[in-house]
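Chain residues, written in single-letter form:
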Amino acid sequence: MFIQPLDLSNLGNTPGSTTGTSASNATDPQASQDRFLKLLVAQLNNQDPLNPMDNAQMTTQMAQINTVSGIQELNATLKGMAAQFSSATALQGTSLIGREALLPGDTLTFKNGQGKAAFSLEGKATDVKVDIMGTNGEVIDTVQLGALGPGLHGFDWDAAGIDPATVKGFKVSAVDGGAAVDSVSLKRLSVDSVSFSGGSIYMLLQDGSTRAYNDVLAYM
């Protein structure tokens, strides 16, 4: 009896069995290689001496097992990387709790008698002030911040005795010498908790809203 050339399409699988050792072998590169070598040796021992396997055919079959093994090893590596990414994402998410998320907006958030917000300056400024605006458009108070460099800046306003409902928001005025410096107003919201869905981080913020990690401009 002579054995026909190897068929690697089901290498590592046992017909009619999908559990136990057979299922394990299907995903184990070493087990697949061992099975291949056993079949190859058996084929060489039982080949037709009048029509032996040529070198090209043997080389093709060895390349096939290398391809199968390589794919299995790659899959195992990718699964490991995915697990590490999930762990890193969870660690990153939990580290955000207690920090402050910056979002576009000119309103203040209040906690323990303090109003807080932030802004970004397009360039350096020799004098920066923040006007706290009332609901009727009046200036309730002014926070003097002096000279600041470009980039993000947070500020706190003493709102003791002030009803937050009477505060509409804030307005930043920045100049460099006599020239105005553009600014972007930002809300500061504490991150109260985090959750994970579909590989993404979602945060429950101080105002009760839920935002995705990528929706936030920056963190303080």
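For the structure, check the block above.
Residues numbered from 1 in each chain as written. Predicted model: local features only at pLDDT ≥ 70, side-chain atom pairs only at ≥ 80, totals over all residues. Heavy atoms only, no water.

A tally of helices and strands in the protein chain yields 3 helices and 12 strands. Burial statistics for the protein chain: of 220 residues in total, 29% are counted as buried. Across the protein chain, the fraction of contacts at a sequence separation of at least 24, relative to all contacts at a separation of at least 6, is 69%. Accessible area for the protein chain stands at about 13000 Å²; split by element, carbon and sulfur atoms hold 53% of it. (Helix = DSSP H or I, 4+ residues; strand = E, 2+ residues; numbered from the N terminus. Buried < 20%, exposed > 50% of the residue type's maximum accessible area, 1.4 Å probe, protein only. Contact = heavy atoms within 4.5 Å. Areas by Shrake-Rupley, 256 points an atom, 1.4 Å probe, with all protein chains shown as cover.)

The way to describe two aromatic rings as a pair is by their centre distance and the angle between their planes. Considering all chains together, one arrives at 4 aromatic pairs under this definition. Taking the centre distance of 6.4 Å and the plane angle of 70° together, the rings of Phe110 and Trp157 count as edge-to-face. Of the two residues, Phe110 is situated in strand 2 (residues 109-111) and Trp157 in strand 6 (residues 151-158); the sequence distance between them amounts to 47 residues. Accessibility expressed as a relative area gives 25% for Phe110, which makes it partly exposed. For Trp157, a relative accessible area of 3% puts it in the buried group. Members of the aromatic cluster, joined through ring pairs, are Phe119, Phe155 and Phe170. (Phe/Tyr/Trp six-rings, centres within 6.5 Å; stacked < 30°, edge-to-face > 60°.)

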